[in-house]
Amino acid sequence: MTLSEQFQTLPKLLKVSEVADFTGTHERTVRRWIRDGRMPAVESPAGIRVPRRTLWRFLGLDLAVSPAA
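As recorded in an unreviewed UniProt entry, the protein goes by the name Helix-turn-helix domain-containing protein, listed as coming from Deinococcus detaillensis.

Given below as structure tokens:
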């Protein structure tokens with residue numbers, strides 16, 4: 001599966017646990033990235049969510065994804 005395909009299969013807003021699974025880290029690590037301002041997130045009624053584009057940028061993969069994504 002290509003990076004673009006992986007990007008398209010992710011939900012537009014990811015839960016902290018999904019980001020942790022995708023990055024191979026613990027949820028506390030993701031929450032620390034958010035708290036420290038390294039990973040922007042949004043507050044929703046369902047909890048904290050990370051936009052998939054934000055995750056891709058955080059991982060330095062934004063350039064690998066087509067602009068239409």
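Back to the text.
A few words now on the pattern of salt bridges. Overall, the coordinates contain two salt bridges when judged by the stated rule. In this structure, Arg-35 engages Asp-36 in a salt bridge whose closest nitrogen and oxygen atoms are separated by 3.9 Å. By relative accessible area, which is 63% here, Arg-35 ends up exposed. A residue is classified by how much of its surface remains accessible, and Asp-36, at 45% relative accessible area, is partly exposed. Residue Asp-36 is joined to Arg-38 by a salt bridge in which the shortest nitrogen-to-oxygen separation is 3.2 Å. It is possible to trace a salt-bridge network through shared partners that takes in Arg-35, Asp-36 and Arg-38.

Now for helix H3 (residues 27-35). Every buried residue belonging to H3 is among Thr-29, Val-30, Trp-33 and Ile-34, and all of these are buried. Taken around the axis of H3, the buried residues stretch over an arc of 140°, which confines them to a single face. Across H3 from its buried face, at more than 90 degrees, point the exposed residues Arg-28 and Arg-35. On its buried face, H3 sits against helix H2 (16-23), strand E3 (47-51) and helix H4 (52-58).

Calculation rules
- Every chain is numbered independently, its residues counted from 1 as its sequence is written.
- The predicted nature of this model means local features are confined to residues of pLDDT at least 70 and side-chain atom pairs, given and counted, to a pLDDT of 80 or more, with totals for whole chains, interfaces and linings taken over all residues.
- Only hydrogens and water are removed before side-chain values are computed, so all heavy atoms of the structure are retained for them.
- Salt bridges are defined by distance alone: a side-chain nitrogen of Lys or Arg within 4 Å of a carboxyl oxygen of Asp or Glu.
- Type-normalised accessible area, obtained with a 1.4 Å probe on protein chains alone, sets the label of each residue: buried when under 20%, exposed when over 50%, and partly exposed for intermediate values.
- Numbering of helices and strands starts at the N terminus; helices are DSSP runs of H or I of at least 4 residues and strands are runs of E of at least 2.
- The reported arc concerns the directions from the helix axis to the C-beta atoms and nothing else.
- What makes two residues a contact is simply this: any of their non-hydrogen atoms within 4.5 Å.

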